[in-house]
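Each chain, letter by letter, is given below.
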Amino acid sequence: MNGVRVLVGTRKGAFILTSDAKRKRWRISGPHFAGWEIFHLKGSPADPDRLYASQWSGWFGQVIQRSNDGGKTWEPVGNQFTYDGTAGTHQWYDGTPHPWEFKRVWHLEPSLPDPDTLYAGVEDASIFRSSDGGKTWQEIPALRKHDTASRWQPGAGGMCLHTILLHPVDPGRIIIAISAAGVFRTDDAGITWRPMNRGLRSEHIPDPTAEIGHCVHRVAMHPSRPEVLFMQKHWDVMRSDDAGVSWREISGNLPTDFGFPISVHAHEPDTVYVVPIKSDSEHYPPDGKLRVYRSRTGGNEWEALTKGLPQRNCYVNVLRDAMAVDSLDACGVYFGTTGGQVYASADAGDSWRPIVRNLPAVLSVEVQTLR
Amino acid sequence: MIRVHLPAHLRTLARIEGEASLDVPGKVTQRSVLDALETCYPVLRGTLRDHVTGQRRPFVRFFACAQDLSHESPDAPLPEAVAAGSEPFFVIGAVAGGCC
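Every chain is numbered independently, its residues counted from 1 as its sequence is written. Here chains are named by letter from A upward and ligands by number from 1 upward, in the order in which they appear as written. Reporting of local features is limited, given that this is a predicted model, to residues whose pLDDT is at least 70; pairs of side-chain atoms are given and counted only at 80 or more, and all residues count toward the totals for whole chains, interfaces and linings.

J.: Explain the overall build of chain B here, please?
T.: Per the secondary structure count, chain B includes 3 helices and 5 strands. Along its sequence from the N terminus, chain B presents helices and strands in the succession β-α-β-α-β-β-α-β. Whereas a compact globule of 100 residues would reach a radius of gyration of roughly 13 Å, chain B reaches 13 Å, a difference of no more than 12%. Its C-alpha atoms give chain B principal-axis dimensions of roughly 40 × 25 × 25 Å. Using C-beta atoms placed from the backbone, we call a residue buried if 20 or more other C-beta atoms fall within 10 Å of its own, exposed if 12 or fewer do, and partly exposed for counts in between. Of all 100 residues assigned to chain B, the portion counted as buried reaches 29%. Numbering of helices and strands starts at the N terminus; helices are DSSP runs of H or I of at least 4 residues and strands are runs of E of at least 2. Based on C-alpha atoms, the radius of gyration is set beside the globule rule, defined as 2.2 Å times the residue count to the power 0.38.

J.: In this structure, what is going on with the overall build of chain A? I would like to understand it.
T.: When helices and strands are counted, chain A shows 0 helices and 30 strands. The C-alpha atoms of chain A give a radius of gyration of 19 Å, which matches the 21 Å a tight globule of 371 residues would have. The dimensions of chain A, computed from C-alpha atoms along their principal axes, are 50 × 45 × 40 Å. By the burial criterion, 53% of the 371 residues in chain A qualify as buried. In chain A, once contacts between residues fewer than 6 apart in sequence are set aside, the share between residues at least 24 apart is 49%. Once C-beta atoms have been placed from the backbone, residue pairs whose C-beta atoms lie within 7 Å are recorded as contacts.

J.: Any chance you could explain the sheet that holds strand β4 (residues 67-68) of chain B here in plain terms?
T.: Strands pair in a sheet through their backbones, by hydrogen bonds, and they do so in one of two ways: parallel or antiparallel. All names here are of chain B. Across the sheet, 5 strands lie side by side as β2-β1-β5-β3-β4; this open sheet has mixed pairing. Looking at strand neighbours, the two that pair on one side only are β2 (20-22) and β4, the edges of this open sheet. Axes here mean lines fitted to C-alpha atoms, for a helix over just the part in contact, with angles spanning 0 to 180 degrees between N-to-C directions. Where helix α2 (residues 30-40) meets the sheet, its contacts fall on β1 (2-5), β2, β3 (60-64) and β5 (89-93), and the angle it forms with β2 comes to roughly 110°. In this analysis, strands are considered paired if DSSP registers two or more bridges between them.

J.: Would you mind showing me how to read the interface of chain A and chain B here?
T.: A common measure of how large an interface is: the accessible area buried when the components associate. Across the contact, 15 residues belong to chain A and 16 residues belong to chain B. When residues of the side of chain A that touches chain B are assigned to their parent elements, the largest contribution, 3 residues, is made by strand β6 (residues 61-67) of chain A. Note on residue categories: nonpolar means Ala, Val, Leu, Ile, Met, Phe, Trp, Tyr, Cys or Pro, charged means Asp, Glu, Lys or Arg, and polar means any other residue, Gly included. Looking at the side of chain A that touches chain B residue by residue, the classes come out as 6 nonpolar, 8 polar and 1 charged.

J.: What's the story with the nonpolar core in this structure? I'm lost.
T.: Proteins that are soluble and globular tend to have nonpolar side chains buried together. Take the buried Ala, Val, Leu, Ile, Met, Phe, Trp, Tyr and Cys residues, join any whose C-beta atoms are within 7 Å, and the set you get is a nonpolar core. Formed by 132 residues in total, the largest nonpolar core has its most connected members in V8, V219, Y334, V342 and V365 of chain A together with V33 of chain B. Ignoring anything within four residues of it in the chain, the contact list for V33 of chain B reads I2, V4, L22, V24, V28, L78 and F89 of chain B.

J.: Help me understand the sheet that holds β6 of chain A in this model?
T.: Residue and element names in this part refer to chain A. Spatially, 4 strands are ordered β4-β5-β6-β7 in an open sheet, and the strand pairing comes out antiparallel. For this open sheet the edge positions go to β4 (37-43) and β7 (75-76), each flanked by a neighbour on one side alone. With 7 bridges joining them, strand β5 (residues 51-57) and β6 adopt antiparallel strand pairing. Paired with W56 across the strands is Q62, a residue of β6.

J.: What is the right way to read the pairing of β5 of chain B from this model?
T.: Within a regular strand, side chains alternate between the sheet's two faces. Residues and elements named next belong to chain B. Counting buried residues along β5, 4 of its 5 residues qualify, which places the element largely inside the surrounding structure. Bridge count between β1 and β5: 2 bridges; the pairing is parallel. Counted as the bridge partner of V4 is F89 from β5. Pairing of β3 with β5 involves 4 bridges; the strand directions are antiparallel. Looking across to β5, one finds that V60 is bridged to G93.

J.: What am I meant to see in α2 of chain B here?
T.: Residue pairs spaced three or four apart in an α-helix point in one direction, given the helix's 3.6 residues per turn. Along α2 of chain B, the positions that sit buried rather than exposed are Q30, V33, L34 and L37 of chain B. Projected down its long axis, α2 of chain B carries its buried residues within an arc of 95°, all on one side. Directions are taken from the helix axis to each C-beta atom, and the arc is the one they span.

J.: Just checking my understanding: could you explain the environment of P261 of chain A for this structure?
T.: Residues and elements named next belong to chain A. With respect to the helices and strands, the residue P261 is situated in the loop between β21 (248-249) and β22 (262-264). In this structure, the C-alpha to C-alpha distance between P261 and V219, residues 42 residues apart in sequence, is 8.1 Å. When residues no more than four places from it in sequence are discounted, the contact partners of P261 are R218, Q232, V275, V318, R320, A322, M323 and F335.

J.: It is not clear to me how unusual backbone geometry should be interpreted in this structure. Could you clarify?
T.: Leaving glycine out, the prevailing phi sign among residues is negative, and the prevailing peptide bond configuration is trans. Residue and element names in this part refer to chain A. Geometrically, the link from S179 to A180 is a cis peptide bond, its omega value of 5° lying close to zero. Locating A180 in the fold gives a position in the loop between β15 (174-179) and β16 (182-186). Of the consecutive residues D329 and A330, the connecting peptide bond is found in the cis state with omega at 5°. In this fold, A330 is placed in the loop between β26 (323-325) and β27 (333-336). Phi angles above zero are rare outside glycine, and A243 is one such case at about 55°. Among the secondary structure elements, A243 is positioned in the loop between β20 (237-240) and β21.

J.: Help me understand the pairing of β16 of chain A in this model?
T.: Residues and elements named next belong to chain A. In the sheet, β15 pairs with β16 via 5 bridges, with the strands oriented antiparallel. Paired with I175 across the strands is R185, a residue of β16. Counting the residues between successive antiparallel strands, the hairpin from β15 to β16 contains 2 residues. Of the strand pairs in this sheet, β16 and strand β17 (residues 194-195) are connected by 2 bridges, and their pairing is antiparallel. The residue bridging R185 from the neighbouring strand is R194, located in β17.

J.: Help me understand the environment of G70 of chain A in this model?
T.: With respect to the element layout, G70 of chain A can be found in the loop between β6 and β7. In the structure, G70 of chain A is positioned 22 residues away from P48 of chain A in sequence and 6.9 Å away in space, judged by C-alpha atoms.

J.: Help me understand the confidence of the model for chain B, please; the structure alone is not making it clear to me.
T.: Each residue gets a pLDDT score, which is the predictor's confidence in that residue and runs from 0 to 100. Chain-level statistics for chain B give a pLDDT mean of 95 and a share of 96% at 70 or above. Here the complex is predicted with pTM 0.96, and the ipTM for its interfaces comes to 0.92.

J.: So what exactly am I meant to see when it comes to the environment of S351 of chain A here?
T.: Residues and elements named next belong to chain A. One can find S351 in the loop between β28 (342-345) and β29 (353-356). The sequence separation of S351 and G213 amounts to 138 residues, and the corresponding C-alpha distance is 38 Å. Each residue touching S351, except ones within four places of it in the same chain, is listed here: K307, G308 and S345.

Structure (structure tokens):
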């Protein structure tokens, strides 16, 4: 079919929303894996009917599900995520050493050319790889064994590796982000990693400009311009023009620069979207107005997008993996809220409407453009 | 046959209707029952016990014959009624284990 498939992970199951290219009428299937927390679902760029889902519960732990038919049917695959060698310690919330313990998979990133290869970003932070469609997982251990790792610490949601950006051409380059350690980059497919946090400033660490310790919430990249990265940090919206070597602030006229997700327009690499949230303790939009902010200039100048979004008494949050774009013309933008709404714009953010209203709290939103 | 009663989420995951019936060779203990369960239903590996240490997950409990056996040795014999198949071995999700 030509159209869009929106993959929604929630606190109590997964939902799949589909529409034709007009994006006016939506069909909703789910809940899949009812009762489980679905941290993330994502489709393979090489085979859009190959989907992966991270399914988790406080009772029974981690399950990975795979679909070969676009989410109509699923099969559980491998769920063994074992750290390589001695796990070691990181900093706990109080600064004391704490053993590395696998808790859950936050993010799944299928490889660009191969539907059977994918990466998993996990808590406690590390990156795993599967080359057999998720049946078995091997840690890429050099990241967790980086000589700064004993000083990494959890953010409020846990010490999660939540962002995995694969270079569109160079298979050796992977950029990841950890809350709260920061951005790391490998140029040799994971053999060595370097922190990429110069220019970040965080007041919650003893040295605000330290090499590591920054609570990065999300990093986004446009595939046509992989040297340019956009970051929503705990506070501050940032930009790098050298693949993470240095960063500069682009918060500009945002009403608050705290937030979680950040996305880039599918066809305009300098058009960026964020959802400002009031503060790190007040996780809701300022003034009870749900506003997406769009910059068409690569940052600093932002416009509020409000048409169709609630402009009073709105106190939901939008989590880090809960915003995505399609690549139709005009670009569609989608985000899910902790109140269970998924909002969509079929005109690059000019206007919005809820395509579903009453789901469990939304943890993640991914979009597939089907052609 | 040993009868194992699983929580609904795990029955769905393993596609089990009702109780699981297991042939457990040798001594009937928590370990031998769970080993047999995971052999029959590999998808349950890691959901009840840690993959590496084999320890019970913190929010999983084991009951049988109105007793909490969660803290018994995994190699202790299970009650005779479980071994005889007249009572099930219950795997329970602790009431505190869910969230939101």
